[in-house]
Amino acid sequence: MVKSHHITQKTEMKKISFTTLGCKLNYAETSTYERKFIEAGFEAVPWTEKADICLVNTCSVTEHSDKKCRNIIRKLHRLYPDAAIVVTGCYAQLKKAEIEAIEGVEFVFGANEKSSVVPSVINYINENEGYAECKGAFFPAYSSGERTRSFLKVQDGCDFKCAYCTVPYARGESRNTPIAEIVAQAGEIAAAGIKEIVITGVNTGDFGKTTGETFFELIRKLDEVEGIERYRISSIEPNLLTKEMVDWIASGSKFLPHFHIPLQSGSDTVLKEMGRRYDTAAFEDKINYIRQKMEVPGGPKVFFGIDVIVGFPGETEELFMETYNFLKDRIRPAFIHIFPYSRRAGTPAASRKDQVQDSIKTERVGRLEKLCAELHNEFISSNKGVKEKVLFESSDHNGKMFGYTGNYIRIERPYNEKEVGQITDVII
């Protein structure tokens, strides 16, 4: 867990930098680490600046993610050889021994040890016992530092165990903190002047396993928080987004017409082999139902971002075309998040003999990227002339600012400080 101390004058160490890889959930957790370290008297600095502690929050969703994590850890050690490197996140859970062997790494914290990070580092700089035993089933987190939105963690872990995925092994079983605590965190976010919350989790819609509550109960309570004007659900499984929820969202809630829903394959054959819990007919029915309930003539279209994995073992050209045609002819989402299948040790799919060649995966990814560009342009065009509300970001980009409509269309206009962090009516 902790290696021998290699830094002298630890009582003088006050600067800490943060590097985050992977999903928005990781960013929410890193932001929470940062707040806690600042409260403990540390100075947070950019990773490009010399620090006494370098915290790296890692991802392990693909082999490329693992490699990127290793490269960043080694780069930090080359830049700041006297710094103590603290590694947490999914890669830390799955490959602890591998990380501990990298020079400069002082601590490695797995999925259930996130609450140990801050007290362990404080012990370290005070020359006490290096590791503080603070294991917890759920590490509450939300992002801060932005003037417009915050990512609020409501759930962690996953019980689904799809054939290709290491996340259940990296993040553990589905768990959550009570609704009352999450609502209190949303109140803290609102008190900071933030108008929009993005609800995040590993399997967000599975909320409630720990407390006997439901995701639908959670979103209804969050809708009542004063000061928060908009909510987005970062990602939700199609079988967990119920028609009852859709009806309520469409009835005038603060939840926006923006849905990120993993499909993974448009082939029923592949979906079954992946271990997914729906088929294409059920998926299409859910998309059509949302559009029916939330779209009106002359109004904004619903944004659907769809996850797709290309090159799952056994995916023939014919099966790939089932996915391509399902997206093109039946779903027509606003955006496709495309992932070439990555062989992950310990998963059922990794041991299959019918692996798809990387060159074939690359070619298929290219075809879906072209389709995505076509569909996204179509979505933008279908919203032109529609009146929408935009929450403008704080950044000044060469005299320009940008923000997003409720259905996630990026709008740019001349920078106006008075409109930053405000929700403004625009014609797309």
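As the structure is a computational prediction, the values presented were derived from the model and not from experiment.

Peer 1: Would you take a moment to explain the overall build of the protein chain for this structure?
Peer 2: Helices and strands together make up the secondary structure of the protein chain, namely 13 helices and 17 strands. Against the globule reference of 22 Å for 428 residues, the protein chain gives a C-alpha radius of gyration of 22 Å, in line with a compact fold. Principal axes of the C-alpha set define a box for the protein chain whose edges measure 65 × 60 × 50 Å. When contacts within the protein chain are restricted to residue pairs at least 6 apart in sequence, those whose partners lie at least 24 apart make up 72%. When the accessible surface of the protein chain is split by element, carbon and sulfur atoms take 49% of a total near 18,600 Å². Here the protein chain holds 57 positive side-chain charges and 60 negative ones, and the gap between their average locations is 2 Å.

Peer 1: What am I meant to see in the packing of aromatic side chains here?
Peer 2: To describe a pair of aromatic rings, one takes the distance between the centres and the angle between the planes. Within this structure, the stated rule accounts for 18 aromatic pairs. Look at Tyr164 and Phe312: their rings are 6.4 Å apart centre to centre, the planes differ by 85°, and that puts the pair in the edge-to-face class. Remark: Phe312 occurs in the loop between strand E12 (303–310) and helix H12 (317–331) and Tyr164 occurs in the loop between strand E7 (155–156) and helix H6 (167–171); sequence separation between them is 148 residues. Taking the relative accessible area as the measure of exposure, Tyr164 reaches 12% and is therefore buried. The buried category is assigned to Phe312, whose relative accessible area is 1%. Judged by centre distance (4.5 Å) and plane angle (10°), the rings of Tyr404 and Tyr408 are stacked. Above the plane of the ring of Tyr142 lies Arg35, whose end atom (NZ or CZ) is 3.8 Å from the centre. Over the aromatic face of Phe216 sits the side chain of Arg220, whose NZ or CZ is 4.2 Å from the ring centroid.

Peer 1: It is not clear to me how H12 should be interpreted in this structure. Could you clarify?
Peer 2: A rise of 1.5 Å per residue sets the reference length of H12, with its 15 residues, at 21 Å; its end C-alpha atoms lie 20 Å apart and thus fit the reference within 8%. Against the buried residues of H12 lie strand E11 (255–264), helix H10 (268–274), helix H11 (280–294), E12, strand E13 (335–340) and helix H13 (358–382). Arg332, located one to two residues past H12, shows a positive phi value of around 45°.

Peer 1: Just checking my understanding: could you explain the sheet that holds strand E3 (residues 53–58) for this structure?
Peer 2: By definition, the strands of a sheet pair up through backbone hydrogen bonds, in either a parallel or an antiparallel sense. One open sheet holds the five strands; their spatial order is E2-E1-E3-E4-E5, and the pairing between them is parallel. Looking at which strands have only one partner, the edges of the open sheet turn out to be strand E2 (43–45) and strand E5 (105–108). If you compare each strand with its neighbour and ignore which way they point, the axes differ by 25° on average. For strand E1 (residues 15–20) and E3, the ladder comprises five bridges, and the chain directions are parallel. Considered in E3, the bridge of Thr20 is made with Asn57. Relative to E1, helix H1 (residues 24–39) is tilted by about 175°, and along the sheet it contacts E1, E2, E3 and strand E4 (84–89).

Peer 1: Honestly, unusual backbone geometry in this entry has me stumped. Any pointers?
Peer 2: Peptide bonds are mostly trans, and most non-glycine residues show a negative phi. Phi angles above zero are rare outside glycine, and Lys161 is one such case at about 55°. Structurally, Lys161 is set in the loop between E7 and H6. Backbone geometry at Tyr408 places phi at a positive 65°, although glycine is not the residue there. Tracing the chain through its elements places Tyr408 in the loop between strand E15 (400–405) and strand E16 (410–414).

Peer 1: Help me understand the pattern of salt bridges, please; the structure alone is not making it clear to me.
Peer 2: Two side chains of opposite charge can pair, provided their charged atoms sit close to one another. Considering all chains together, one arrives at 34 salt bridges under this definition. The shortest N-O distance in the salt bridge between Asp159 and Lys209 comes to 2.9 Å. Of this pair, Asp159 sits in the loop between E7 and H6 while Lys209 sits in the loop between strand E9 (196–200) and helix H8 (215–222), and the two are 50 residues apart along the sequence. For Asp159, a relative accessible area of 29% translates into the label partly exposed. Given a relative accessible area of 47%, Lys209 falls into the partly exposed group. Note that Arg332 is salt-bridged to Glu378, the shortest N-O span being 2.6 Å.

Peer 1: Any chance you could explain the packing of H11 against H12 here in plain terms?
Peer 2: Each pair of packed helices can be described by the angle between their axes along with the distance between the axes. The geometry of H11 relative to H12 is characterised by a closest axis approach of 12 Å and an angle of 30° between their N-to-C directions. With respect to each other, H11 and H12 are oriented roughly parallel. Classified by chirality, the crossing of H12 by H11 is right-handed. Between H11, through Thr280, Phe283, Glu284, Ile287 and Arg291, and H12, the contact on the second element is made entirely by Phe326, Arg330 and Ile331. Across the contact of H11 with H12, the residue classes tally to four nonpolar, one polar and three charged.

Peer 1: Got a minute to help me understand a negative patch on the surface in this structure?
Peer 2: Together, Asp268, Asp279, Glu318 and Glu322 line one region of the surface with negative charge. Residue Glu322 is classed as partly exposed on the basis of its relative accessible area, which comes to 33%.

Peer 1: Can you walk me through the pairing of E15 in this structure?
Peer 2: Taken residue by residue, a regular strand's side chains alternate between the two faces of the sheet. Burial analysis of E15 places five of its six residues in the buried class, the great majority of the element. Here strand E14 (residues 387–392) runs beside E15; their pairing, made up of three bridges, is antiparallel. Bridged to Val390 within E15 is Thr405. Pairing of E15 with E16 involves five bridges; the strand directions are antiparallel. Within the sheet, the bridge partner assigned to Lys400 lies in E16 and is Pro414. Hairpin connection, E15 to E16: the antiparallel pair is bridged by four residues, and Tyr408 has positive phi, about 65°.

Conventions we followed
- Residues numbered from 1 in each chain as written.
- Predicted model: local features only at pLDDT ≥ 70, side-chain atom pairs only at ≥ 80, totals over all residues.
- Heavy atoms only, no water.
- Helix = DSSP H or I, 4+ residues; strand = E, 2+ residues; numbered from the N terminus.
- Rg over C-alpha atoms; globule rule 2.2 N^0.38 Å.
- Contact = heavy atoms within 4.5 Å.
- Areas by Shrake-Rupley, 256 points an atom, 1.4 Å probe, with all protein chains shown as cover.
- Lys, Arg positive; Asp, Glu negative; His and termini not counted.
- Charge placed at Lys NZ, Arg CZ, Asp CG, Glu CD.
- Phe/Tyr/Trp six-rings, centres within 6.5 Å; stacked < 30°, edge-to-face > 60°.
- Buried < 20%, exposed > 50% of the residue type's maximum accessible area, 1.4 Å probe, protein only.
- Lys NZ or Arg CZ within 6 Å of the ring centre and 35° of its normal.
- Expected span 1.5 Å × (residues − 1).
- Pairing = 2+ DSSP bridges.
- Axes fitted to C-alpha atoms, helices over the stretch in contact; angles between N-to-C directions.
- Salt bridge = Lys/Arg side-chain N within 4 Å of Asp/Glu carboxyl O.
- Parallel < 35°, antiparallel > 145°, perpendicular 65-115°, else oblique.
- Left-handed = near helix turned anticlockwise from the far one by under 90°.
- Nonpolar A, V, L, I, M, F, W, Y, C, P; charged D, E, K, R; others polar.
- Patch = residues over 30% accessible without salt bridge, like charges linked within 9 Å, V, L, I, M, F, W, Y side chains within 5 Å.

Nothing here speaks to function; it is geometry throughout.
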